[in-house]
Amino acid sequence: MDAKNIMIVGVGGQGTLLTSRILGKLATTAGYDVKLSEVHGMAQRGGSVVTFVRYGEQVAEPIVEEGQADVLIAFERLEALRYLHFLKKDGVVIVNDWRIDPITVVTRVAEYPEHILDTLKASRATIVVEATRMAKDMGMPKAFNVIVLGAAARHMGFAKEDWIRVIETTVPPKTVDINKKAFEAGYALSV
């Protein structure tokens, strides 16, 4: 198997790193060579966070080059647009339909782009997930990232049961049931 390149992008505090750990652990458990990299990120909430997860028979380096990601998982619309150029032409973007204004928009130095979802859809195969709304409706607002991961899971070649097992051993113990429900909700979206 050629290396599979997954890029996970979001804003600080959205669970980008936990999501990459779940995927990395899943690929390791499946026997693949795995490389993870937090390319650039801000510890405080509000900063852009980018992680790469690469897995395959043999993976030399953790960084995904522009135009080489098979899947782009985005927890916020602008972050999806910002990193779209990393996605292969035949890649897929799974994006949470949510807006978080960056500091440049808050301070009125820049404007939040309009029609981001339309731009994404015109460029690549795009799955839009209303994960933040779904998570709030389910009474578990912090689990939206796992809903998005569930929607993306069908594009990575692992069995649903394997995802569930890794979630059970990766998320904090008191959140296992919530995260399993969130994953199931997202997985049901991408048929």
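Nothing here was measured: the structure is a model prediction, and the numbers come from that model. (Residues numbered from 1 in each chain as written. Predicted model: local features only at pLDDT ≥ 70, side-chain atom pairs only at ≥ 80, totals over all residues. Heavy atoms only, no water.)

A. Looking closely at the environment of Glu168. For Glu168, the location among the structural elements is in helix H7 (residues 160-170). Given a relative accessible area of 34%, Glu168 falls into the partly exposed group. Note: C-alpha distance between Glu168 and Val129 (39 residues apart in sequence) is 23 Å. Not counting chain neighbours up to four residues away, the residues in contact with Glu168 comprise Val176 and Lys180. Among the polar contacts listed, one links the side chain of Glu168 to the side chain of Lys180, at a separation of 2.9 Å. (Helix = DSSP H or I, 4+ residues; strand = E, 2+ residues; numbered from the N terminus. Buried < 20%, exposed > 50% of the residue type's maximum accessible area, 1.4 Å probe, protein only. Contact = heavy atoms within 4.5 Å. Polar contact = N/O pair within 3.5 Å; in protein donor to acceptor, adjacent residues only side chain to side chain.)

B. Representation of the nonpolar core within the structure. Ranked by size, the top nonpolar core spans 41 residues in total, and within it Ile6, Tyr55, Ile73, Met156 and Trp163 carry the most contacts. Counting residues in each nonpolar core, the second largest holds 21 residues, with Val9, Phe52, Leu84 and Phe86 among its members. (Core = buried A, V, L, I, M, F, W, Y, C linked by side-chain atoms within 4.5 Å.)

C. Structural view of the environment of Leu84. Position of Leu84 relative to the elements: it lies in the loop between helix H2 (77-82) and strand S5 (87-96). Distance in space between the C-alpha atoms of Leu84 and Val71 is 10 Å, their sequence separation being 13 residues. Dropping the residues within four chain positions of it, Leu84 is found in contact with Leu72, Leu120, Ser123 and Arg124.

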